[in-house]
Every structure is written in structure tokens, then in C-alpha cells.
2 protein chains.
Amino acid sequence: MPDRAIRPRKEFGKTIAADITHRLREEIIACGLLPGEPLRFDVLRERFGASFTTLREALTALSAEGLVDAQEQRGFRVAPVSGQDLVEVTDARVLIDVELIRRSIQKGDDDWEIAVISTLHRLKRIEQRDPEQALRDAEWKIAHRQFHQALVSACGSATLLAIRAELFDRAERYRYLSANFRPRPRDKAGEHQAIMQAAISRNAEQAAELIETHIRSTADNVAKYAGHLLEAG
Amino acid sequence: MPDRAIRPRKEFGKTIAADITHRLREEIIACGLLPGEPLRFDVLRERFGASFTTLREALTALSAEGLVDAQEQRGFRVAPVSGQDLVEVTDARVLIDVELIRRSIQKGDDDWEIAVISTLHRLKRIEQRDPEQALRDAEWKIAHRQFHQALVSACGSATLLAIRAELFDRAERYRYLSANFRPRPRDKAGEHQAIMQAAISRNAEQAAELIETHIRSTADNVAKYAGHLLEAG
DNA sequence: CTCACCCTTATTTTCGAAAATAATATCGTT
DNA sequence: AACGATATTATTTTCGAAAATAAGGGTGAG
């Protein structure tokens, strides 16, 4: 494996640019890079071991996703957060997720049901197995994302799924941002269970209602306990 | 104006990359670059007079907008078209535009009404003034875009407006693609007039219905008269 | 004749130097 | 001291050469 020696870092994607895009996205979502923080090339160059132009390509891609803010001739910075933005992202997510879960419930086949059930199962196992938080969080967040992804995966529109994925990422960043300030959520396990049951029993109206409540209550929680972070910038 | 001599091409945006992104977007939408066509750097370099990396940045941005297809290690090509994609874009547009026009009707102030009325007025003037087609088309398309933009501009969500704009561009490309094959549309002027009236009189339900019909009938027309172009790619 | 392999060519991808621009500090004038 | 103009520094942006990768072509073994 001589490649490994020559170019150690290329875990995701075939090109370095795609890899860096992926790593930067993860860091921004997890607030390892804080909202509003300037993204200077010198710093990024050292941190990610890539050249100006490769970094520039990654930042341009993330700019289109709404995670990075490009200020022409004055560089890039992590996209700032705000109460207004949180409201917009939440509203857009409700609009799209509600529609997509309706379509998935209408079109979903056996494989879809299996995906919904198994991703929820994994999520619950993680919640039960390890009441610790540190290790749990990363794994839980992946499982959580996959469950919600599975719910809408049968909607039939790659276009809307791509838009949904971007909005999910933007919302996830707010959850990370507020994670240290808000208490553990009330009964998320119960909510997920109810959503799964409504979906599998093909009760579109109930599933739509539950999803909307789920998304909005999470956002409300963020706003309630991290409101002080949303207007400073 | 010494800048002009040193760097002739920078009409849009402050950076060359932003300018090229803009010009490439226009050409792809207008099908000056055809769906599926490979975008080789040698060719683009000569055509746009920019370097590899600058072009790469532009292509990356357009890739995120769905107008360019990035194939890792194998370059870029104009995003292909298909019947499935047309259906998805149309569906997504209906979902979002219908919602945004409802919100605009609820929130729109005097300035919004003025924008709707005046953009429609301009559109009608162009239609009446110059029954020629060649010159009309470019101008008409701009006015048409601005009218539809005005209708939803008061919705209050920059997030959803950005998503809407991307979908509009993708749909516009299909209209260009089919322009040479389909007859002049039936009564677009009448449809626009009706939409404006419903909006101004704050009849949200009627406006929503008219917009949906408007979007779907345009897409149907494209599929009907340019169907043969949609599966070759 | 077919297929796998290596070699050659075409193309993309990455890099760091150099140019362009913005930010900051310095200085002279009022 | 306050202000504006100018020089200095910091940072971004652009470029084309060089490295990496894919595509194409030919050769020989089976």
C-alpha cells in the first residue's frame, strides 16, 4: 500500500478537495470551528495540509451549502448563526420533511420498512447500552441521522433529498452549538418510536404531525437554552 | 479606468471566479453548453481566459447548484437532463413556490404589491411591443424571472428563496432546451395576469392553485415537445 | 481471436510562487 | 490632537508548472 505513505490523508472521496470538504463540513457542524470564525488560509493550510487552491475549492462548495460565508476579496468565515436563521431552517425542514415522509409512506416498499425499523433499533440500542454521554454522542448522532434519513428515503426525489440533507446539516450545527447548555431532551426515544409506528402503519397524517412537532420542539429547545449565542455572532 | 486594460473580463462579481461562475451558469441554462457535454479544462481555459484552479472553483460551485456534474478524477460535464429530473424539479418547485406565494400574500406590504404589479407590467410591455422573437426572448426571460421572483419575494425566508432560485434555474434550462421544438405557449400573458390579480387581492388559495397549474403546464409542454431530448443525454 | 498486461498519451488534480487587494501603520499638515 | 494621504504589512486570489490519474493502443500469451 504505497499510496498510504505518499498521501496519508484521503479517507473520504477520491480527490483531496472532496476529502477536505468532508472534513471541514464535519468540523463546522460539530462547532469545532465556531460560527463567524474567520477561515484564514494560513491556518487551514497547516491544519489540513493542503494548498491554497484545494482549500479554496472546499470552501466554495461549503459556501453553496450554507455552512461557510464567502466575502469576496476578504476571505471566508464559518457561516454565522442567528435566531432568524434557526427559524428559517426549521420552517424549511418542516415544509420538506413533512412532504417527503408523506411520499415515503405512500411509496415505501419492504426494504424501506426494514430500513426504518432497523435504524430505529440501532438508535435505541445505543441509548440503552451506554448511558455515558461522551462516547455516546458521536455514535448517537450518526444513528439519529440515519433513522431520519431512512424515514424519507422512499420519497422518490433525489432532488428534494439533497435539499433536505443540507437543511439537516445546518440544523445539526445548532444542536451541537446548544448541546452544552440545554438539559438532556425529554422523551426523544418515545417520539422516535411513535414516528416509526405511524410510518410503518402507513398513517401519513399522524406521521407528518409527529415529525413536525419533533422538528419544532428540538428547535424550540435550542432557542430556549442557547438563545444567548444566537445574536452575538 | 486602468483596471479595464489590465483585466478586461470581470463584469459580474469582484473576483474572477465569481464572474466565471456567473457566465458559465448563464451558458449552461441557455444550453450554449449542452446537457451531458464534457467540460474540459483546455477548452474552458481558452473560452473563458482563466486558469485551471479558477475554473475548477467555478465548476465546483455550479456542481452544488445541480447544473454541473462532477465525476471525481474524471472531470466535469454539464449536468445531464432526463424526464425523471424534469419531474423532480417540477415537483420541488410546486412544493416550494406554492408555500412561498402563500407566505408572501400574507406578509407582503405596499412595496411588494408595487413590485408584483410593475414587473408584470414590464413583462406585458415586452410581449406587446416587439412581436419579434429573437431580441424578445432574452429580455422576456429576464422580465419573466423577475415577475415570478417578485411574487414570492415577501415570504420572509432567504433560505427558501435561495433554494427556489436554484430550482428555477434548473427548470429554465429545460425551457431553453425545448424552445426550438415547442410552439409558442397558449396564453401565458393571461395566466400571469390572473396570478397577479389573485396575489394583489390576497386570495392565497387561488394564487397557489394558479401557480401550481402554471408550473406544471409549462413542464408538461416541455415534456410533450422535447421528450425525445430527455432520454438520450 | 480474446484477454490481460504494460506503455504511451490525454486529462485532471495539486502545489507553491507571484500578483492583486485589503488592512494597518506612519507621517506630515492643519 | 485630528485628519487625510501614503507606505507597509497581511491576506486573499490567480496563475501555470508539475504530479497524479485515467484513457487509449499495442503486444504477446493462451
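Everything numeric here is computed off the predicted structure, so don't read it as measured data.

The rules we used
- Residues numbered from 1 in each chain as written.
- Chains lettered and ligands numbered in written order.
- Predicted model: local features only at pLDDT ≥ 70, side-chain atom pairs only at ≥ 80, totals over all residues.
- Heavy atoms only, no water.
- Helix = DSSP H or I, 4+ residues; strand = E, 2+ residues; numbered from the N terminus.
- Buried < 20%, exposed > 50% of the residue type's maximum accessible area, 1.4 Å probe, protein only.
- Contact = heavy atoms within 4.5 Å.
- Areas by Shrake-Rupley, 256 points an atom, 1.4 Å probe, with all protein chains shown as cover.
- Lys, Arg positive; Asp, Glu negative; His and termini not counted.
- Charge placed at Lys NZ, Arg CZ, Asp CG, Glu CD.
- Least-squares fit on C-alpha atoms with pLDDT ≥ 70 in both.
- Buried area = accessible area lost by both parts, 1.4 Å probe.
- Salt bridge = Lys/Arg side-chain N within 4 Å of Asp/Glu carboxyl O.
- Polar contact = N/O pair within 3.5 Å; in protein donor to acceptor, adjacent residues only side chain to side chain.

Peer 1: Before we move on, can you summarise the overall build of chain A with the specific residues and values?
Peer 2: If you tally the helices and strands in chain A, you get 10 helices and 3 strands. In chain A, the order of α-helices and β-strands from amino to carboxyl end is α-α-β-α-α-β-β-α-α-α-α-α-α. When its C-alpha atoms are laid out on the principal axes, chain A stretches across 55 × 50 × 35 Å. Going through the 233 residues of chain A one by one, you find that 46% of them count as buried. Looking at chain A alone, contacts between residues at least 24 apart form 73% of all its contacts between residues at least 6 apart. Surface exposure of chain A reaches about 11700 Å², of which carbon and sulfur atoms provide 51%. With 35 positive and 36 negative side-chain charges, chain A shows a separation of 3 Å between the mean positions of the two kinds.

Peer 1: Help me get a handle on the relation of the copies chain A and chain B, residues and values and all.
Peer 2: In the superposition of chain A on chain B (RMSD 0.0 Å, axial shift 0.0 Å), the rotation amounts to 180°. What the superposition gives is, in effect, a two-fold axis relating one chain to the other. The fraction of interface residues of chain A whose copies in chain B are also interface residues reaches 100%, indicating that both copies meet through the same surface.

Peer 1: Got a sec to walk through the interface of chain A and chain B? Specific residues and values, please.
Peer 2: Listed by partner, the interface residues are 30 residues for chain A and 30 residues for chain B. Interface area, chain A with chain B, both sides summed: about 2500 Å², of which 57% is carbon and sulfur. In this assembly, chain A and chain B are joined by 4 salt bridges. Where Asp-91 of chain B meets Arg-103 of chain A, a salt bridge forms, and the shortest distance between an N and an O atom there is 3.6 Å. Across the contact surface, chain A and chain B share 15 residue pairs in polar contact (both at pLDDT 80 or more). Among the secondary structure elements, those contributing two or more residues to the side of chain A that touches chain B are α4 (52-64), α5 (83-107) and α8 (158-178) of chain A.

Peer 1: Account for the environment of Glu-113 of chain B, naming residues and giving values.
Peer 2: Residues and elements named next belong to chain B. Tracing the chain through its elements places Glu-113 in helix α6 (residues 110-129). Note: C-alpha distance between Glu-113 and Ala-154 (41 residues apart in sequence) is 9.5 Å. Setting aside anything within four residues of it in sequence, one finds Glu-113 in contact with Ile-200 and Arg-202.

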